[in-house]
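Read off the chains here:
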Amino acid sequence: MFFFLLFLALSYDTVQAIPKQSPKAVMTEQVALGKRVWEVNNCIGCHTLLGEGAYFAPELGNVYQRRGPEFIKAWIQAQPTNAPGRRQMPQFHLSQEELDAVVAFLKYSSEINTNNWPPNIEG
Amino acid sequence: MTSHVAALNAAGAQRADGHAQLRFRSQAVAKPYFIAAIGLFFLQIVFGLIMGLQYVIGDFMFPEIPFNVARMVHTNLLIVWLLFGFMGAGYYLIPEESERELYSPKLAIFTFWIFLVAGVLTVVGYLAVPYATLAQMTGNDLLPTMGREFLEQPTITKIGIVAVALSFLFNLSMTILAGRKTSISLVMMLGLWGLAVFFLFSFYNPDNLVMDKYFWWWVVHLWVEGVWELIMGAMLAFVLVKVTGVDREVIEKWLYLIIAMTLITGIIGTGHHYFWIGAPAYWQVLGSAFSALEPIPFFMMTLFAFNMVNKRRREHPNKAAVLWALGCGVMAFLGAGVWGFMHTLAPINYLTHGTQITASHGHMAFYGAYAMVVLTMISYAMPLIRGREANSNASQVVEMWSFWLMTIAMVFITLFLTAAGVLQVWLQRMGDSPMSFMATQDQVAFFYWLREAAGVVFLIGVILYVASFFINKQDN
Ligand code: HEM
Ligand code: HEM
Ligand SMILES: [Fe+2]
């Protein structure tokens, strides 16, 4: 019981501290839309985001730094590669607005202060 | 068969010819729950093997079953069959502990069908339409909860799960309130209520990704390293009371110690998931320290199982159930305790976070703790539900073979994934010229092939397990 209360207190402190921890990661409507696009296409079913998710495809928490916005959009639109034997990513038929929103969401994710994780740009 | 004879016999009324009957007829509602659990378990493994192949033959079954779809099916089936198992266990164990019939067997059967239909429809939805379409069809916009790992179910399915859980908890709580209250049944109920309460956090999905992740773990971690451990402890204690005949007082003392250690270490141990998701850095200290102690309750379960079996006061004819109970004690400690400890300290987790090391641990822990405890309970209860104290020798031999095949296969799956994970960390995260993710995956493909081979052995184990239910020749 004591430990549960302590956990609640710590969680309260964390909830207060989360915005201060990542001043650069600003929430906008576009980011919120991007998160929805991320969710309803189940991107987490193949990728990790800040190290959580599936381990089939690359980490995307820092893909904004690794690849940049234009590459990300072009990549999503070009799927699947249909390269024989290679792991395949589906075609999600995203609109231009949704593509921009996903990129905004990934930019936002990359600006979260993760205490220096991942160890390098490869994620 | 008079009822006081039944009451005298710990394992149900028994006739000299090996026939036995349930102490309370309503315990039999557990049967469809157990059967559904086994069926879904089988399907879970089939989808595991599909994904295992996609790891090495990337376009296998694409675009019919993309990896993310197979993964949802695999992990959601796992959760659902374990829930079926816990519910079956609850319906079996609570009447016996409370010494009265279940409050409403009809409600239990009704709930069973609701849960099964909802579960099957959800899986069909995953497979039949693109996930975005499913989200749209089920009104995800009204209350967006989908698209997060393990919580992929459409919001209406989640609501259905809550309704099923409430009906189940109501039924059991009414049974207990009117009957005998034992430590085992109270711990079981605490665990089950906790399971339902923490699941409510799956409805909380804020836009802020850090907040989302923070409370996502209140479902996932506080389940497997919190309330589910209570359920596991209670189920193990129940079966051990029955098959060893050791005094209830002794077993209950163990149970209390185990759950106390679980809660002391496991709750703040949640911090081992808060290192790198945008939470304050103090979690690196707290999460490391407390979660490093989490193996203790699992080790106590190992000691518990072996001690009770060593001190047994009767030779229970169901040898298979005893084997599952001991195996569960050992494998839960290995998977959760040892493999969990391996990557739980922040400096190590910095390197291993979100790699095949995580997958290796997830597999052995889920199998060793929760799959095995459900299989233990089924192994003990199913023969009784079917009117005999234990299955025939022939059937038990096959069941024990399936135990060894599945368990050894899981050990190898874990070892191969660990090898893949260590290499992955080395190639992709250490050194001056790290490899890209995809290039690294190619380098470790050899271990993925081995994992798939071990997976086939696991599947053979599951098939033998199912077969053991059909070998009924009595050999007396
Ligand atoms: C034939 C046996 C099996 C195979 C080939 C298999 C394969 C897989 C694969 C490829 C993944 C996805 C990993 C990723 O995200 O990249 C996975 C995830 C998972 N599987 Fe299995 N699996 C098998 C059996 C089992 C069993 C028996 C259990 C539990 C009792 C289990 C529990 C899980 C869990 C919990 C995850 C999510 C892991 C995580 O997020 O770290 N699997 N499995
Ligand atoms: C039966 C109990 C347990 C089960 C079923 C279990 C299962 C899992 C699963 C499925 C994951 C992956 C979650 C994801 O997909 O992101 C995970 C992660 C993790 N588990 Fe456990 N676990 C158990 C106990 C433990 C214990 C006792 C420890 C520590 C001693 C531990 C340490 C960890 C750590 C550190 C991670 C995060 C790995 C990462 O950073 O990628 N687990 N566990
Ligand atoms: Fe955890």
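Since the structure is predicted, the reported quantities are computational estimates derived from the model, not experimental observations. (Residues numbered from 1 in each chain as written. Chains lettered and ligands numbered in written order. Predicted model: local features only at pLDDT ≥ 70, side-chain atom pairs only at ≥ 80, totals over all residues. Heavy atoms only, no water.)

1. Considerations on the overall build of chain A
Defined as follows: The numbering of helices and of strands both runs from the N terminus, where a helix is a DSSP run of H or I of at least 4 residues and a strand a run of E of at least 2. Each residue is assigned to one of three classes by its accessible area relative to the maximum for its type, calculated with a 1.4 Å probe on protein chains only: buried under 20%, partly exposed between the two thresholds, exposed over 50%. Note on contacts: a residue pair is in contact if any heavy atoms of the two residues lie within 4.5 Å. What sets the accessible areas is the Shrake-Rupley method with a 1.4 Å probe; for residues, cover comes only from the shown protein chains. The positive count covers Lys and Arg only, the negative count covers Asp and Glu only, and His and the chain ends enter neither. A single reference atom marks each charge: NZ on Lys, CZ on Arg, CG on Asp, CD on Glu.
In terms of helices and strands, chain A carries five helices and two strands. Listing the helices and strands of chain A from first to last along the sequence gives α-α-β-β-α-α-α. Dimensions of chain A along its principal axes, counting C-alpha atoms only, are 55 × 30 × 25 Å. Looking at chain A residue by residue over its 123 residues, the buried ones come to 56%. Long-range contacts, defined as pairs at least 24 residues apart, comprise 57% of the intrachain contacts of chain A with a sequence gap of at least 6. Counting every atom, chain A has about 5,600 Å² of accessible surface; 59% of that belongs to carbon and sulfur. The distance from the centre of the 10 positive side-chain charges to the centre of the 11 negative ones in chain A is 5 Å.

2. A closer look at the site of ligand 1
Residue and element names in this part refer to chain B. Short version of the rule: Near, as used in this document, describes a residue that has one of its heavy atoms within 4 Å of the molecule or strand being considered. Nitrogen and oxygen atoms within 3.5 Å of one another constitute a polar contact, given that in protein one can donate a hydrogen and the other can accept it, and given that sequence-neighbouring residues count only through two side-chain atoms. Note on residue classes: Ala, Val, Leu, Ile, Met, Phe, Trp, Tyr, Cys and Pro are nonpolar, Asp, Glu, Lys and Arg are charged, and everything else, Gly too, is polar. Domain delimitation in this document rests on an assignment produced automatically or drawn from a domain database.
In the neighbourhood of ligand 1, 28 residues make up the surrounding shell, with Y55, R71, H74, E149 and H363 lying closest. The separation between a nitrogen atom of ligand 1 and a polar side-chain atom of H74 is 2.8 Å. Elements with a contribution of two residues or more to the shell around ligand 1: α2 (30-56), α3 (67-98), α14 (356-385), α15 (393-429) and α17 (445-468). Its residues placed into classes, the shell around ligand 1 shows 17 nonpolar, seven polar and four charged. When residues are assigned to domains, the shell around ligand 1 turns out to be shared by domain 1 (1-12 + 24-181) and domain 2 (249-470), each giving three or more.

3. Some thoughts on the packing of aromatic side chains
Filter applied, for reference: In this analysis, rings of Phe, Tyr and Trp, with Trp reduced to its six-membered ring, are considered paired at centre separations within 6.5 Å, and the interplanar angle assigns stacked below 30 degrees, edge-to-face beyond 60, and tilted for intermediate values. By definition, being over a ring means that NZ of Lys or CZ of Arg is both within 6 Å of the ring centre and within 35 degrees of the ring normal.
Enumeration according to the criterion identifies 57 aromatic pairs over all chains in this entry. Plain terms: the ring middles of A:F105 and A:Y108 are 6.3 Å apart, the flat faces sit at 25° to each other, and that makes the pair stacked. Of the two residues, A:F105 and A:Y108 both sit in helix α5 (residues 96-110), three residues apart, roughly one turn of that helix. For A:F105, a relative accessible area of 0% puts it in the buried group. For A:Y108, a relative accessible area of 4% puts it in the buried group. An aromatic cluster is present here, built from A:F7, B:F198, B:F201, B:Y204, B:Y214, B:F215, B:W218, B:Y274, B:Y282 and B:W283 joined pairwise through their rings. The cationic tip of B:R451 hangs over the ring face of B:Y55; the distance from NZ or CZ to the ring centre is 5.0 Å.

4. Focus on the coordination of the iron atom of ligand 2
Residues and elements named next belong to chain B. As a reminder, the rule being used: Metal donors were taken as nitrogen, oxygen and sulfur atoms no farther than 2.8 Å from the ion, or 3.2 Å where the ion is Na, K or Ca. Water is excluded, so coordination may look unfinished.
Looking at the protein side alone, the iron atom of ligand 2 has one donor only, H361 (NE2), at 2.0 Å. A separation of 4.3 Å is found between the iron atom of ligand 2 and the iron ion (ligand 3). The topology assignment puts H361 in helix α14.

5. Section: the coordination of the iron ion (ligand 3)
Residue and element names in this part refer to chain B. Note the cut-off: Each label reflects the angles at the metal, where four donors whose angles all fall between 85 and 135 degrees are tetrahedral, four or six donors whose opposite pairs open beyond 155 degrees and whose other angles stay between 65 and 115 are square planar or octahedral respectively, and the rest are irregular.
Taken together, H221 (ND1), E225 (OE), H272 (NE2) and H273 (NE2) make up the protein donors of the iron ion (ligand 3), found 2.1 to 2.2 Å from the metal. If you look at the iron ion (ligand 3), its four donor atoms make angles of 82 to 148° with each other, and the shape they trace is irregular. Linear spacing of the donor residues for the iron ion (ligand 3) on their chain is H-x3-E-x46-H-H. Judged by its relative accessible area of 0%, H221 falls in the buried class.

6. Things to note about the site of ligand 2
As a structural note, the neighbourhood of ligand 2 is formed by 27 residues, with B:E149, B:H353, B:G354, B:T358 and B:H361 the closest of them. Neighbouring residues of ligand 2 are not confined to a single chain but are spread across chains A and B. Here an oxygen atom of ligand 2 and a backbone polar atom of B:G354 are 2.8 Å apart. Contact between ligand 2 and B:H361: a nitrogen atom at 2.8 Å from a side-chain N or O atom of the residue. Looking at the shell around ligand 2, the elements with two or more residues in it are α8 (209-244), α11 (295-310), α12 (319-342) and α14 of chain B.

7. Looking at the interface of chain A and chain B
Definition in use: Throughout, buried area stands for the accessible area (probe radius 1.4 Å) lost by two parts on being put together, summed over both. Whenever a carboxyl oxygen of Asp or Glu lies within 4 Å of a side-chain nitrogen of Lys or Arg, that contact is scored as a salt bridge.
Tallying the contact residues gives 58 residues for chain A and 75 residues for chain B. For the pair chain A and chain B, the two sides together bury roughly 5,600 Å², of which 63% comes from carbon and sulfur. When the buried area of chain A at its contact with chain B is split by residue, A:F7, A:Y55 and A:R87 rank highest and sum to 14% of it. Summed over the shared surface of chain A and chain B, the number is three salt bridges. For A:R36, the salt bridge goes to B:D207, with nearest N and O atoms at 3.7 Å.

8. What about α8(B)?
Residue and element names in this part refer to chain B. Note the following rule: The span you would expect from a helix comes to 1.5 Å times its residue count less one. In this analysis the local bend is the angle between axes fitted, respectively, to the seven residues ending at and the seven residues starting at the residue.
Its 36 residues give α8 an end-to-end C-alpha distance of 49 Å, which sits within 8% of 52 Å, the value for a rise of 1.5 Å per residue. W223 marks where α8 bends most, by close to 60°. The buried count for α8 comes to 36 of 36 residues, which makes it a mostly enclosed element. Looking at where α8 begins, the residue whose side-chain oxygen comes 2.8 Å from the main-chain nitrogen of V210 is N208. One or two residues past the end of α8 sits G245, with phi positive at roughly 70°.

9. Some remarks on the environment of B:G139
Checked against the element boundaries, B:G139 lands in the loop between α5 (131-137) and α6 (155-177). Measuring from C-alpha to C-alpha, the distance between B:G139 and B:I156 comes to 8.3 Å, with 17 residues separating the pair along the chain.

10. Quick notes on the domain arrangement of chain B
Residues and elements named next belong to chain B. Domain assignment breaks chain B into domain 1 (1-12 + 24-181) and domain 2 (249-470). Computed over C-alpha atoms only, the centres of domain 1 and domain 2 are separated by 20 Å. Each side of the interface is counted separately: domain 1 has 28 residues, and domain 2 has 35 residues. When domain 1 packs against domain 2, close to 2,600 Å² is buried across both sides, 83% of that on carbon and sulfur atoms. On inspection of domain 1 and its partner domain 2, the count reaches zero salt bridges. At the surface where domain 1 touches domain 2, the tally comes to one residue pair in polar contact (both at pLDDT 80 or more). For the side of domain 1 that touches domain 2, the elements supplying multiple residues, two or more each, are α2 and α3. Element by element, the count of residues in the side of domain 1 that touches domain 2 is highest for α2, at 14 residues. Considered class by class, the residues forming the side of domain 1 that touches domain 2 number 23 nonpolar, four polar and one charged.

11. A short note on the packing of α2(B) against α14(B)
All names here are of chain B. The line we're drawing: To get an axis, fit a line to the C-alpha atoms, keeping to the stretch in contact for a helix; angles then go from 0 to 180 degrees between the N-to-C directions. An angle counts as roughly parallel when it lies under 35 degrees, as roughly antiparallel when it exceeds 145, as roughly perpendicular when it falls between 65 and 115, and as oblique in every other case. The crossing is said to be left-handed when, going from far helix to near helix, the turn is anticlockwise and less than a right angle, and right-handed when the turn is clockwise.
Where α2 contacts α14, the axes come no closer than 11 Å and their chain directions differ by 155°. With respect to each other, α2 and α14 are oriented roughly antiparallel. In the crossing of α2 with α14, the sense of the turn from one axis to the other is left-handed. Contact residues: α2 offers A30, K31, F34, I35, I38, F41 and Y55, while α14 offers Q356, L375, M377, I378, A381, M382 and I385. Residue classes in the contact of α2 with α14 are distributed as 12 nonpolar, one polar and one charged.

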